[in-house]
Amino acid sequence: MKKFIQSLPKVELHLHIEGTLEPELMLELAQRNSINIPFNSVDEIRDAYNFHNLQSFLDIYFQGADVLIHEQDFFDLTWAYLLRCQEDNVIHTEIFFDPQAHTERGILFDTVVNGIHRALDKGISELGISSKLIMCFLRHLDEESAFNTLSQAQAHKDKIIGVGLDSTEIGNPASKFERVFKQAIEQGFLTVAHAGEEGPASNISEALSLLQITRIDHGVRCTEDASLVEQLIAERIPLTVCPLSNLKLKVFDRMEQHNIVGLLRQGVCVTINSDDPAYFGGYMTDNFLAVNNAHPMNKTEIAQFTFNAIEASFVSPSEQERLRQVTQRFLELEQ
Ligand SMILES: Nc1ncnc2[nH]cnc12
Ligand SMILES: [Zn+2]
């Protein structure tokens, strides 16, 4: 099954580009940009990746992002991720970035978007990997900062398809961003939000009703509310689940306790994603393998994660059909 999982066409829908910053590139950029970081080696950096919850990870994640200064840095970061996508047979990816993590440090919004976008352009032309870009608001910052970020995105509407919501879930309810999301929708942005990762199932219901989002990032705590799970199934509301992330951040203690395969078998539109692979020890193939090791599946079930991700993606119906055909042809040859 390992070879099947490795070569299966995959679609990633939950990936923070800042979370793909590998220790080697972090050290290289720190040196290149003369930024002081509290680490002297790759081993020292990896040793610091012992998280006990979401916040302990976010502290390290924002500190890591401080080495990103120039457009070329954002290009290098994104290009390195796309090369990993190629290894894992990721054929389409929808990438988050956190503009406020950079603009708060005095980096221009344009610098960030232009660097990422240039790499994504090269990704389609040289690697055949298609992509979309989604900007996330940091939920620990205030509404005014989010509105300000939305206004900076106006000049880049051709490059940014949607808005999302990430960072500290507990204590920062969806209601804080209801007006920002309303304006983003009026401006034509698609919407997603992290919910039900650390916070309870009611955070998912609240995000759905207040932010009018079309898919939920994480959402694994939905199983605490049976009527919510019914709603997710009936309305085909996708969950972008990140199994290795959930283990590292102690959402589940062991992969055997993870509910993703149970949700798949119940008919929820669940997908497998890597979230912040440089910090959580695995990209797409690693996440699929970890799930299958703990919850053995047949080939049809494993491929369903790709079909679900295609359905949940923000590409056009004709592009969805093309991605489906690529995956279907692969599956038929493998059966
Ligand atoms: N797993 C996660 N949850 C919330 N915010 C994040 N930012 C990056 N990764 C995140
Ligand atoms: Zn995330």
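Rules behind the numbers
Residues numbered from 1 in each chain as written. Chains lettered and ligands numbered in written order. Predicted model: local features only at pLDDT ≥ 70, side-chain atom pairs only at ≥ 80, totals over all residues. Near = placed C-beta within 6 Å. Nonpolar A, V, L, I, M, F, W, Y, C, P; charged D, E, K, R; others polar. Helix = DSSP H or I, 4+ residues; strand = E, 2+ residues; numbered from the N terminus. pLDDT = per-residue confidence, 0-100. Pairing = 2+ DSSP bridges. Axes fitted to C-alpha atoms, helices over the stretch in contact; angles between N-to-C directions. Contact = placed C-beta atoms within 7 Å.

Caption draft 1: Spotlight on the site of ligand 1. Taken together, His-16, Gly-19, Leu-54, Tyr-61, Asp-166, Ser-167, His-194, Glu-197, Ser-245, Asp-275 and Asp-276 make up the full set of residues near ligand 1. Residues belonging to the shell around ligand 1 are distributed by class as follows: 2 nonpolar, 5 polar and 4 charged.

Caption draft 2: Highlighting unusual backbone geometry. Positive phi values are uncommon outside glycine, yet Gln-212 reaches one of about 50°. Relative to the helices and strands, Gln-212 resides in the loop between helix H10 (201-211) and strand S6 (215-218). Of note, Asp-275 is a non-glycine position whose phi angle comes to about 65°, a positive value. Among the structural elements, Asp-275 can be located in the loop between strand S8 (270-272) and helix H14 (277-280).

Caption draft 3: View of the confidence of the model for the chain. Here the chain averages 97 in pLDDT, while 100% of its residues score no lower than 70. Here the prediction assigns the complex a pTM of 0.98, and the interface score ipTM is 0.98.

Caption draft 4: Looking closely at the sheet that holds strand S2 (residues 90-97). Read across the open sheet, the 8 strands follow the order S1-S2-S3-S4-S5-S6-S7-S8; overall the sheet is parallel. Since the sheet does not close on itself, it has two edges, and those belong to strand S1 (10-16) and S8, each with one partner. Taking each pair of neighbouring strands and ignoring which way they run, the sheet shows an average axis angle of 25°. As paired elements, S6 and strand S7 (residues 239-241) share 2 bridges and run parallel to each other. Residue Asp-217 lies in a different strand from S7, and its bridge partner there is Thr-240. The strands that helix H15 (residues 284-294) touches are S1, S2 and S8; relative to S8, the one it contacts most, it runs at about 120°.

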